[in-house]
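# Observations on the model geometry
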Amino acid sequence: METAISKEETKAYDRGIYATFLGAFLVLFQIGIYFVYIPWNAERLQITEAEIGIGLFVFGLLNLIGNQTSGRLIVPKIGTKNSIVIGLLGIAYCPLLLILSTNYYWFLIAFMPFGFFVGLFSPSSQSQISMIESKTSRILTPLYHAAFSFGSLVGAFCAFFTIKYVDNPILIFSITGTILIFGSLLIYKFGLNKSFENLEKTPKFKLPKKSILIFGILMMMNYATMGIILDWSALWLTKDLLVPLYLGGAIIFAFNIGEISARLIASKMINKYSERIVGGYLTIAAGLILFVSIMTSNFYIIVFGMVLFGFGTANFIAIIFRLAIRITDEPIGLTVANLITLGFAGFIFGPALVGYLAEFLGLTFNMYLISIVWGLNGVALLVMMGRIKSSI
């Protein structure tokens, strides 16, 4: 790890940080708006929860392909910045394709490029942040994830107004897609130059070490269940709790408020209280709070509980990345790609399983499920931290 860097490197890394944060914001801004429109699109196409789950399964499958394409082929050759730009350009108009789909077949087809380019973007962006962290000894991953949360928050907030006042989804997603195009051009111009990256030759394929696999499985459970909030919460509120459509994004909004609050102060919390408390104990407490709030079936209590849940779970993934980068003996880009691939494997079985359970057991069951899984995730992370500490 570098302990002293030049002014030129500092300036380049700062520009890279801001450019990467911009990319993270734009991706979740686009996705955040679309997920609030899921009930509208499902009603338009007359598709069930299980069929939506199959669409998200397709998204996850292509996401895995994009992850490994990024980590093994594209980033080693053209660098993280260029891979981020390609990912953003590809994502830009995918939600527009989803709402232009004339039937379920084209709905599934539209999910393919969406999943692939999100998969291309995610490890490239995280690799750049992790590399800058290792060079500068700064805690950046929680702030990077805060940019995701802020994008999702702004997206859900915008969807609240567009659903209520702008009856033209095609116009909305044409505009948001164009915003992503302009954002990708800004990142290409001002992002981190390839010359500041230590791009290593990708080693031959081998299974990640045991600890990386376990971290990846924890991320897999994260992504498999986190989709319940992003993909299904609007449908749950409008269908099970009979909340008006324009309030369908309330849970996403509340969750992101909690996430952003925790991620902005993550560095201070980690330094003061340790990664065990921030990543483990807070996650367990958050799962318990969410479970109790759902039991009330009260919209306002559930929204407040979701704020606390977002706060408690916000830095779980960031701490997994920090721990994994700390112990890996492989290139950072490959380690990140492996973790994200394992994580996004949750989208392979998660959405389809959630859609099936929603159709036969109800969406409320899935909301209880997420609180239980996250409590167990917190316990598992504490166990892993103990094992890593004892092996050093």
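Just above, that's the structure.
Everything numeric here is computed off the predicted structure, so don't read it as measured data.

Helix and strand counts for the protein come out as 16 helices and zero strands. The C-alpha radius of gyration of the protein comes to 20 Å, within 12% of the 21 Å expected for a compact globule of 392 residues. In terms of overall dimensions, the protein has a C-alpha envelope of 55 × 45 × 35 Å along the principal axes. The proportion of buried residues among the 392 residues of the protein is 59%. Summarising the internal contacts of the protein: among those between residues at least 6 apart in sequence, 86% fall at separations of at least 24. Carbon and sulfur atoms make up 69% of the accessible area of the protein, which amounts to about 16,300 Å² in all. Here the protein contributes 26 positive and 18 negative side-chain charges, whose respective centroids are spaced 9 Å apart.

Once that is clear, we can look at the nonpolar core. Counting 108 residues, the largest nonpolar core has Phe114, Phe215 and Leu381 as its most contacted members. Per-element accounting of this core gives the leading share, 15 residues, to helix α1 (residues 7-36). Non-local contacts of Phe215, meaning those with residues more than four positions away in its chain, are made with Ile320, Leu323, Ala324, Ile327, Leu339, Leu381, Met384 and Ile388.

For the rest of this paragraph, the subject is the environment of Phe59. Structurally, the position occupied by Phe59 is in helix α3 (residues 49-91). For the pair Phe59 and Val118, spaced 59 residues apart in the sequence, the C-alpha separation amounts to 9.0 Å.

Okay, the pattern of salt bridges next. Under the defined criterion, the tally for this structure stands at four salt bridges. With a closest N to O distance of 3.3 Å, Glu259 and Arg263 form a salt bridge. Taken together, the positions of Glu259 and Arg263, both in helix α9 (residues 250-264) and four residues apart, correspond to about one turn of that helix. We note a salt bridge from Arg326 to Glu275, for which the minimum N-O separation is 2.9 Å. Taken together, the positions of Arg326 in helix α13 (residues 316-327) and Glu275 in helix α11 (residues 275-296) put the pair 51 residues apart, joining distant regions of the chain. Glu275 sits in the buried class, given a relative accessible area of 13%. Each member of the salt-bridge network shares a partner with another, and the members are Glu275, Arg322 and Arg326.

Calculation criteria
- Each chain carries its own residue numbering, running from 1 in the direction its sequence is written.
- This being a predicted model, a pLDDT of at least 70 is required before a residue's local features are given, and a value of 80 or more before pairs of side-chain atoms are given or counted; all residues contribute to the totals for chains, interfaces and linings.
- Hydrogens and water are ignored here; the side-chain numbers use all heavy atoms of the structure.
- A helix here means a DSSP run of H or I that spans at least four residues, while a strand means a run of E at least two residues long, and both kinds are numbered starting from the N terminus.
- Our radius of gyration is a C-alpha quantity, and the globule rule it is checked against amounts to 2.2 Å times the number of residues to the power 0.38.
- Note on exposure labels: buried denotes an accessible area under 20% of the residue type's maximum, exposed denotes more than 50%, and partly exposed covers the range between, all computed with a 1.4 Å probe on protein chains only.
- Two residues qualify as a contact provided that any one of their heavy atoms is within 4.5 Å of a heavy atom in the partner residue.
- Using the Shrake-Rupley algorithm and a 1.4 Å probe, accessible areas are obtained, with residue cover drawn only from the displayed protein chains.
- We treat Lys and Arg as the positive residues and Asp and Glu as the negative residues; His and chain ends play no part in the count.
- Charged side chains are reduced to one point each, which is NZ for Lys, CZ for Arg, CG for Asp and CD for Glu.
- Buried Ala, Val, Leu, Ile, Met, Phe, Trp, Tyr and Cys residues form a nonpolar core when they are joined through side-chain atoms within 4.5 Å.
- A pairing counts as a salt bridge when a side-chain nitrogen of Lys or Arg comes within 4 Å of a carboxyl oxygen of Asp or Glu.

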